[in-house]
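Descriptive structure summary
Here are the chains, one letter per residue:
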Amino acid sequence: MDKNIKILIVDDFSTMRRIIKNLLRDLGFNNTHEADDGATALPMLEAGDFDFVVTDWNMPIMQGIDLLKNIRKSPKLKAMPVLMVTAEAKREQIVEAAKAGVNGYIVKPFTAATLKAKLDKIFERFE
Amino acid sequence: MANDAAQLTLEDVEDLRALVEAGMQDDARDALLKLAGKFPSLDKQSKVFEEVGILTRDLHNAIKDFAEDDRLRVIANVDMPRASERLTSIISMTGNAANKTLDAVDACQPMVDKLNDSVEKLLPAWSALMHGRIDRDNFVTLCKNVDTLIRDTKKNAAKVSEQLTTILMAQDYQDLTGQMIQKVISLVAEVEDKLLKFLMNFSESEREYLLEKDELQSGIEPHGPALDSIKQSDNIAANQDEVDDLLASLGF
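Only a predicted model underlies this, so the values are computations on that prediction, with no experimental measurement involved. (Residues numbered from 1 in each chain as written. Chains lettered and ligands numbered in written order. Predicted model: local features only at pLDDT ≥ 70, side-chain atom pairs only at ≥ 80, totals over all residues. Heavy atoms only, no water.)

**Some details on helix α2 (residues 25-37) of chain B**
All names here are of chain B.
- The terminal C-alpha atoms of α2 lie 18 Å apart, and with 13 residues this matches the ideal 18 Å at 1.5 Å per residue to within 8%.
- All of the buried residues along α2 are Ala-28, Leu-35 and Ala-36. Summarising the axial view, the buried residues of α2 lie within an arc of 100°, below the 170-degree limit, and thus occupy one face. Facing away from the buried side of α2 by over 90 degrees, the exposed positions are Asp-26 and Lys-34. (Helix = DSSP H or I, 4+ residues; strand = E, 2+ residues; numbered from the N terminus. Expected span 1.5 Å × (residues − 1). Buried < 20%, exposed > 50% of the residue type's maximum accessible area, 1.4 Å probe, protein only. Arc of directions from axis to C-beta.)

So this is what it looks like as structure tokens:
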């Protein structure tokens, strides 16, 4: 797995962004960037050469599910792997995210081992 | 009225008239109600009117009590704003605690990394020494490196210990936010109680109806972390394993 891939972390709580950033760093991923909601993230993704997105669901302005749908609609971004890390755990929501083309779904609170397992699974499929 | 066997007599009317003329309104009303009782169909209607009357009076009283309840005025003007203030400060206190802890982790990480690197670098020479295969120059270098490692470790151990204390102290929010949350919970319970009493005046099943309606809200709207009281519901994935099972069933 290429540890230099450029990752965007999208969450409205800065502490959660820091936690994910630290966990990713422990796993060897140092090229991480942050956005505080979907509306901020989408232009960053369109403009930059990101390889991977980790996003929350419940955020102001543009929610994670809408960010995911927009990514899948964009000709440039549609193949980008997206991992959802969220407290939303209703079956309808998980099904909705799956239908929208999410690559992994982690419910908060989560452990470092869960994050590693989901990342391995996602990249295994992309390599 | 055709079914009513009883007859209205001239005497009844005269009695009523006498009472009205004497200004005895209350007695006149009672006499009229008694008369109505003689006619079953009329009586049924008057009972309906009576019920509606009672309901109207209850509703009127309930609204009046609600509007004049001093406690409610205190709740609306003082307790509610205070509750939002408490909740806002809970967000900032937990945020500060999380940031303090994360800062401490960030401060410790390079020291731990450095310790690990130094030990890695020492290992080949150390291993040679342990097997008695080391020359004088390498031995001197090893001694110097071990000396540096000991000094650095002593210095950094003190720093790490300091950071651990910071992490420990950052947990004091639990006690403080716990007390604030308790206050908000009792306020919410009190308001719920008052609203329920108010609603009970109209319908016993109101609460069930409202709960049901709330449950039916759109399934994919964000709800935030699932509460323990609704986690048992079949509709909520209680943990990561259940999420994985569901996704697997969808072909993931």
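What follows picks up the thread again.
**Quick notes on the interface of chain A and chain B**
- Between chain A and chain B, the contact holds 27 residues from the first and 29 residues from the second.
- A buried area of about 2600 Å², summed over both sides, lies between chain A and chain B, and 56% of it is on carbon and sulfur atoms.
- Of all residues in chain A, the largest losses of buried area upon contact with chain B belong to Arg18(A), Lys90(A) and Arg91(A), amounting jointly to 26% of the total for that side.
- One can count five salt bridges joining chain A with chain B.
- When the shortest N-O distance is used, the salt bridge between Arg25(A) and Asp106(B) registers 3.8 Å.
- Across the chain A-chain B interface, the total number found is eight residue pairs in polar contact (both at pLDDT 80 or more).
- Mapped onto the side of chain A that touches chain B, the elements with two or more residues apiece are α1 (14-26), α4 (91-99), β5 (104-107) and α5 (112-126) of chain A.
- It is α4(A) that provides the largest number of residues to the side of chain A that touches chain B, a total of seven residues.
- Taken together, the residues of the side of chain A that touches chain B break down into 11 nonpolar, seven polar and nine charged. (Contact = heavy atoms within 4.5 Å. Buried area = accessible area lost by both parts, 1.4 Å probe. Salt bridge = Lys/Arg side-chain N within 4 Å of Asp/Glu carboxyl O. Polar contact = N/O pair within 3.5 Å; in protein donor to acceptor, adjacent residues only side chain to side chain. Nonpolar A, V, L, I, M, F, W, Y, C, P; charged D, E, K, R; others polar.)

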